[in-house]
Amino acid sequence: MKRIVADPLKCLACRTCELACAVAHAESEDLVQALAAGARPRVSVEAAGQMAVPLQCRHCDDAPCVQVCPTAALSRACGQSPVLVDQGRCIGCEFCVQVCPFGVIHLAADRKVIVKCDLCVARLAQGLAPACVASCPVGALAFAEIQEDATRRRRQTAIRLAGGE
Amino acid sequence: MEKINHRSADPASREMLVVAGRAGLETAWDRLESQQPQCGFGSLGICCRHCFMGPCRIDPFGGGAQEGICGATAETIVARNLLRNICSGAAAHSDHARDVVHALSLAAAGTSEAYRIRGPRKLRKLAEEYGVAHEGRGDGDVARDVARLLLAEFGRQEGVLVNTRRAPEQQQKNWAAQSAVPRGVDREVVTGMHATNMGGDNDAEHILMVAVRTALADGWGGSMIATDVSDVLFGEPHPLRSRVNLGVLKADEVNIVVHGHEPTLSDVIVAAARDPQLLSEARAQGAKGINLAGICCTANEILMRHGVPIAGNFLQQELAVMTGVVDVMLVDIQCVFPALARLQGCFHTKVISTSAKARFPGAVHIEFHEEQALEIAKKIVRAAIENFPRRDPAKINIPKQEEPLVAGFTTEVIFEMLGGRYRPSFRPLNDAIQTGRLRGVAGVVGCNNPKMTQDASHLAMVQELIRNDVLVVQTGCSAIACAKRSLLSPEAAAKSAGRGLDEICRAVGIPPVLHVGSCVDNSRILTACAEMVKEGGIGDSFDKLPVAGAAPEWMSEKAIAIGMYFVASGIFVVIGQSLPVQGSRRVVELLTNDFEKSFGATWAFEPDPIRAAHLMIDHIDRKRAEVGLPPPMYPVPYPAKTAEALAAAS
């Protein structure tokens, strides 16, 4: 499946992805109005020494959050589709927050339900890349097939080992 | 085509954008695209780069940092950034003013062949105001003393700016109550920079009052001095006819386009372009003559006084070069794209930079010094003549659009136009407002901004205003935008104005939209309002007058300074995109609400030009009612639309 891939060598920590994420999940497309309506980002840029890494849900294949959710609020439609939260079912127990290995699930501002990256399913349906990826001014974020990427690198490695260019 | 139509409402610009697209040439609109997404922290004003513990920014979502490293909150950071913007805007207008006063000193000394006193009446008026004895003294003598006193206004260390006395008593009281009376012009900019230095002023409300004082030092100081002295030096403008848009460029003449802001060189270029020796040199190169045209406010300066045609406004600077017939683009300072110099790689146009304050890598630099003005001007004209044969015929595309316009209106001209030469007076204007034939007056000014369809907001707003019997006064690129749509011609009254405004325009023979000059000439709007107050009957202070201001397509820091001095002078101002202050509710509240108590006026942000026009009309109607003026004489040609009604309908 396609996942959001971050390149820490490129990220300048401008946090534009956070702003774009919040707006993409708000009623209004206007930043000021979205902020007024309490929009929150689902991606966060975290510091790692001199580097910065934008982090959001990995939509794990064997997702611990889905397994642990007592109300089945967290689920996925089929095998590799994004892990989504049904906020109507969520009871805010924070089990998922506890088990997420990446710490990318948080409680909403009202602390009653959780919020997480939905891989911008609405945008994907329109053929658009996730908002964080589309907004990055330096191309530090990509929406890519991890396997394809691995294949490409495997071939490059082979060429390098064989002494070619 | 849809994309191009979205970029500009001007047919000539659209035509040139097609040319640019075909040739693969980049414009500001393309660069705007490559700048997407633009930084939200910057546009909200919550990024601070004032010290290097930082850069810091505030998390607008509330989850992360709510203070910078020093502890500055969003409201402090937002207010400080706005003050810095205003320092820069005020500095630009005022430094321009300083150069004009310097030229006045040269004219006074009689040592310059380029400068002499062409506005003696205005000189005498300034002498009266500044306490210079002038009876029985020659212009040169008087000018020397006036220039010395005006120069002292920049570095004034004690007292307050002399021009602030031109404001009604109420405005002066309002400023005094907020400790916002401007002292020296330079001083306010320096104090503003000091206050925003690390560890300085961090009370948002107080910072905004410093911003007000800095802006007032521009409007009633730098800008007003620039206007007054330009009138003394280059002559007081009088209504005159000219033409506008890229069609004014000529295929068979040497074209020199002046671009930037300062009249000190461009005015002398006008003389040089008429020099018989240079004209014969031009003919020797196969040109039929020397055609001078302008872009932005240096164009407005020489349009107002010499009727020199205008090639276009801010977003047309690159498009003008792309016509392939501009032999020299002479730039001085302010609003000049660095990208211009790079266009020389594709066109024969020579970009010549002239200001000691602004260099453009790749451009030929012929530095301008007032002392050798005419000599330098001739050198530049000669460079254009020599460049004329280098045109590439395959690259010539001149749009045909060229509209007639009338410009040259000033506070003094309004006296004469309305009152007559023998009994100059503002009475007829005030009468028209009192009877309701004229609903009010609106200033629509400011820039182009590629974020908005070029000219579209200016046109929609101005047409809506005049349709509702609001007389519109304009400066800068906004005036050029409306001129391109023929709104600055007397015929526009019958076509586009409401019945009341049309009657006045017919009786007096003026357009419904009056061009009052360059962006420093926004100060003319202040002096005109002061005369309206003095004439009486429609409110005894600015904040009571049925007037309003707008800058629908603004982009420059100068526009922020202008907006702030109008608001602080009691005039409601609505601008298109918001100021970069939305990161602090408190600052937004102060500007759009609390300022009413301090200054009798507020800012408003409204990107929809029709809604913005209605905010202005509603404001004008409210002011009319408060002063006890009757409702507009003629029922409006459509059911009164308010912003709310429009919102409800949509």
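Remember, predicted model here, so these are calculated numbers, not experimental data. (Residues numbered from 1 in each chain as written. Chains lettered and ligands numbered in written order. Predicted model: local features only at pLDDT ≥ 70, side-chain atom pairs only at ≥ 80, totals over all residues.)

A.B. asks: So what exactly am I meant to see when it comes to the overall build of chain A here?
C.D. replies: From N to C terminus, chain A includes seven helices and eight strands. Dimensions along the principal axes, computed over C-alpha positions, put chain A at roughly 60 × 35 × 35 Å. Every one of the 165 residues in chain A was classed for burial, and the buried ones make up 31%. Pairs at least 24 residues apart make up 54% of the contacts formed inside chain A by residues separated by at least 6 positions. (Helix = DSSP H or I, 4+ residues; strand = E, 2+ residues; numbered from the N terminus. Buried ≥ 20, exposed ≤ 12 C-beta atoms within 10 Å, placed from the backbone. Contact = placed C-beta atoms within 7 Å.)

A.B. asks: I keep staring at the overall build of chain B and nothing clicks. Help me out?
C.D. replies: Secondary structure summary: chain B contains 27 helices and 16 strands in total. Over its C-alpha atoms chain B spans a radius of gyration of 24 Å, differing by no more than 12% from the 26 Å that the globule rule assigns to 650 residues. Its C-alpha atoms put chain B at 65 × 65 × 55 Å along the principal axes. Look at the contacts in chain B between residues 6 or more apart in sequence, and 74% of them connect residues 24 or more apart. (Rg over C-alpha atoms; globule rule 2.2 N^0.38 Å.)

A.B. asks: So what exactly am I meant to see when it comes to helix H1 (residues 16-24) of chain A here?
C.D. replies: One turn of the α-helix equals 3.6 residues, which is why residues spaced by three or four share an orientation. The buried fraction of H1 of chain A is high, at nine of nine residues. Buried within H1 of chain A are the following residues: Thr16, Cys17, Glu18, Leu19, Ala20, Cys21, Ala22, Val23 and Ala24 of chain A.

A.B. asks: Looking at this structure, I do not really get the interface of chain A and chain B. What am I missing?
C.D. replies: Think of interface size as the accessible area that goes away when the parts come together; that is how it is often given. If you look at the interface, chain A gives 12 residues, while chain B gives seven residues. Looking at which element gives the most residues to the side of chain A that touches chain B, the answer is H1 of chain A, with four residues. Here the side of chain A that touches chain B is built from residues that sort into nine nonpolar, two polar and one charged. (Nonpolar A, V, L, I, M, F, W, Y, C, P; charged D, E, K, R; others polar.)

A.B. asks: What exactly am I supposed to notice about helix H17 (residues 411-419) of chain B here?
C.D. replies: All names here are of chain B. Judged by how many residues are buried, H17 sits mostly within the fold: seven of nine residues are covered. Taken as a whole, H17 has its buried residues at Thr411, Glu412, Val413, Ile414, Phe415, Met417 and Leu418. Looking at the buried side of H17, the elements it contacts are helix H18 (427-435), helix H22 (499-508) and helix H23 (522-535).

A.B. asks: Mind showing me how you'd approach the sheet that holds strand S15 (residues 573-575) of chain B here?
C.D. replies: Within a sheet, adjacent strands bond to each other through the backbone by hydrogen bonds, running parallel or antiparallel. Residues and elements named next belong to chain B. Spatially, six strands are ordered S13-S12-S11-S14-S15-S16 in an open sheet, and the strand pairing comes out parallel. With partners counted over all chains shown, the strands left at the sheet margins are strand S13 (513-515) and strand S16 (603-605), one partner each. Geometrically, the sheet is characterised by an average inter-axis angle of 25 degrees between neighbouring strands, direction not taken into account. Note that S15 and S16 share three bridges and pair parallel. Within S16, the residue paired with isoleucine 575 across the bridge is phenylalanine 605. (Pairing = 2+ DSSP bridges. Axes fitted to C-alpha atoms, helices over the stretch in contact; angles between N-to-C directions.)

A.B. asks: Teacher, can you tell me more about the domain arrangement of chain A here?
C.D. replies: All names here are of chain A. Each domain of chain A was delimited in the assignment, giving domain 1 (1-56 + 119-165) and domain 2 (58-116). With centres defined by C-alpha atoms, the gap from domain 1 to domain 2 works out at 20 Å. Of the residues lining the interface, nine residues belong to domain 1; the matching set on domain 2 comes to 10 residues. Counted by class, the side of domain 1 that touches domain 2 contains four nonpolar, two polar and three charged residues. (Domains from an automatic or database assignment.)

A.B. asks: It is not clear to me how the confidence of the model for chain B should be interpreted in this structure. Could you clarify?
C.D. replies: Should the pLDDT be low somewhere, the predicted coordinates at that spot are not to be read in detail. The share of residues in chain B with pLDDT of 70 or more is 97%, and the mean pLDDT across the chain is 94. Here the prediction assigns the complex a pTM of 0.91, and the interface score ipTM is 0.71. (pLDDT = per-residue confidence, 0-100.)

A.B. asks: What am I meant to see in the pairing of strand S12 (residues 470-474) of chain B here?
C.D. replies: Every other side chain in a regular strand lies on the same face of the sheet, so the side chains alternate between the two faces. Residues and elements named next belong to chain B. Burial analysis of S12 places five of its five residues in the buried class, which makes it a mostly covered element. Residues Val470, Val472 and Gln474 point to one face of S12 and Leu471 and Val473 to the other, with burial holding for every one of them. Relative to S12, strand S11 (residues 440-444) runs parallel, the two being bridged by five bridges. The partner of valine 441 across the bridge, within S12, is leucine 471. At this point the chain moves from S11, through helix H19 (residues 456-467), to the parallel S12, and the crossover so formed is right-handed. Looking at chain direction, S12 and S13 are connected through three bridges and run parallel. Along S13, the bridge assignment pairs valine 472 with valine 513. (Right-handed = clockwise from strand over helix to strand, strands pointing away.)

A.B. asks: Where do I start with unusual backbone geometry in this structure?
C.D. replies: Keep in mind that most residues, glycine aside, have a negative phi and that most peptide bonds are trans. Residue proline 37 of chain B is reached from glutamine 36 of chain B by a cis peptide bond, and omega for that bond is -5 degrees. Position of proline 37 of chain B relative to the elements: it lies in the loop between helix H3 (28-34) and helix H4 (40-44). The peptide bond linking glycine 54 of chain B to proline 55 of chain B adopts the cis configuration, its omega dihedral lying at 10 degrees. Position of proline 55 of chain B relative to the elements: it lies in the loop between strand S1 (47-48) and strand S2 (56-57). Of note in this structure, arginine 111 of chain A is not a glycine but carries a positive phi near 60 degrees.

A.B. asks: Help me understand the packing of helix H5 (residues 74-109) of chain B against helix H10 (residues 204-234) of chain B in this model?
C.D. replies: Helix-helix packing is described using two parameters, namely the angle between the two axes and the distance between the axes. Residue and element names in this part refer to chain B. In the contact formed by H5 and H10, the axes pass within 8 Å of each other and the chain directions differ by 20 degrees. With respect to their mutual orientation, H5 and H10 come out roughly parallel. Once H5 is placed against H10, the crossing between them reads as left-handed. Taken together, the residues of the contact of H5 with H10 sort by class into 24 nonpolar, 10 polar and three charged. (Parallel < 35°, antiparallel > 145°, perpendicular 65-115°, else oblique. Left-handed = near helix turned anticlockwise from the far one by under 90°.)

A.B. asks: Sorry if this is basic, but what is going on with the environment of threonine 410 of chain B here?
C.D. replies: All names here are of chain B. Assignment of secondary structure puts threonine 410 in the loop between strand S10 (403-407) and H17. Exposure remark for threonine 410: the 24 C-beta atoms within 10 Å place this residue in the buried category. Along the chain, threonine 410 and glutamine 372 lie 38 residues apart, while their C-alpha atoms are 30 Å from each other. Those residues in contact with threonine 410 that lie beyond four places of it in its chain are Glu236, Pro237, Val516 and Arg524.

A.B. asks: Can you help me understand the domain arrangement of chain B in this one?
C.D. replies: Residues and elements named next belong to chain B. Along its sequence, chain B is carved into domain 1 (2-57), domain 2 (74-234), domain 3 (246-395) and domain 4 (408-649). Just the C-alpha atoms count here: the centres of domain 3 and domain 4 sit 33 Å apart. Contacts between domain 3 and domain 4 engage 12 residues on the former and 15 residues on the latter. A per-class count over the side of domain 3 that touches domain 4 returns seven nonpolar, four polar and one charged.

A.B. asks: Help me out: how do you make sense of the pairing of strand S14 (residues 547-551) of chain B in this one?
C.D. replies: Residue and element names in this part refer to chain B. Here S14 lies mainly inside the structure; five of its five residues are buried. Every second residue of S14 is oriented toward a common face, with Val547, Gly549 and Ala551 on one face and Ala548 and Ala550 on the other, all of them buried. Pairing of S11 with S14 involves four bridges; the strand directions are parallel. Bridge pairing links alanine 442 to alanine 548 in S14. The sheet contact formed by S14 and S15 spans three bridges and is parallel. Opposite glycine 549, over in S15, you have valine 573 as the bridge partner. Taken together, S14, helix H24 (residues 557-568) and S15 form a β-α-β motif whose crossover is right-handed.

A.B. asks: Help me out: how do you make sense of the environment of lysine 597 of chain B in this one?
C.D. replies: Residues and elements named next belong to chain B. Tracing the chain through its elements places lysine 597 in helix H25 (residues 585-599). The exposure class of lysine 597 is exposed, given the 9 C-beta atoms found within 10 Å. Here the alpha-carbon distance between lysine 597 and asparagine 174, two residues 423 residues apart in the chain, equals 9.3 Å.

A.B. asks: Would you mind going over the nonpolar core with me for this structure?
C.D. replies: Within soluble globular proteins, side chains that are nonpolar generally end up buried alongside one another. The biggest cluster of nonpolar side chains holds 229 residues, and the ones touching the most others in it are Leu104, Ile256, Ile269 and Ala550 of chain B. In terms of residues, this core owes the most to one element, H5 of chain B, which gives 19 residues. Not counting chain neighbours up to four residues away, the residues in contact with isoleucine 269 of chain B comprise Ile256, Val258, Leu292, Leu330, Ala377, Ile380 and Val381 of chain B. By size, the runner-up hydrophobic cluster in this structure holds 37 residues, among which are Ile4, Cys69, Cys96 and Ala131 of chain A. (Core = buried A, V, L, I, M, F, W, Y, C linked by C-beta atoms within 7 Å.)

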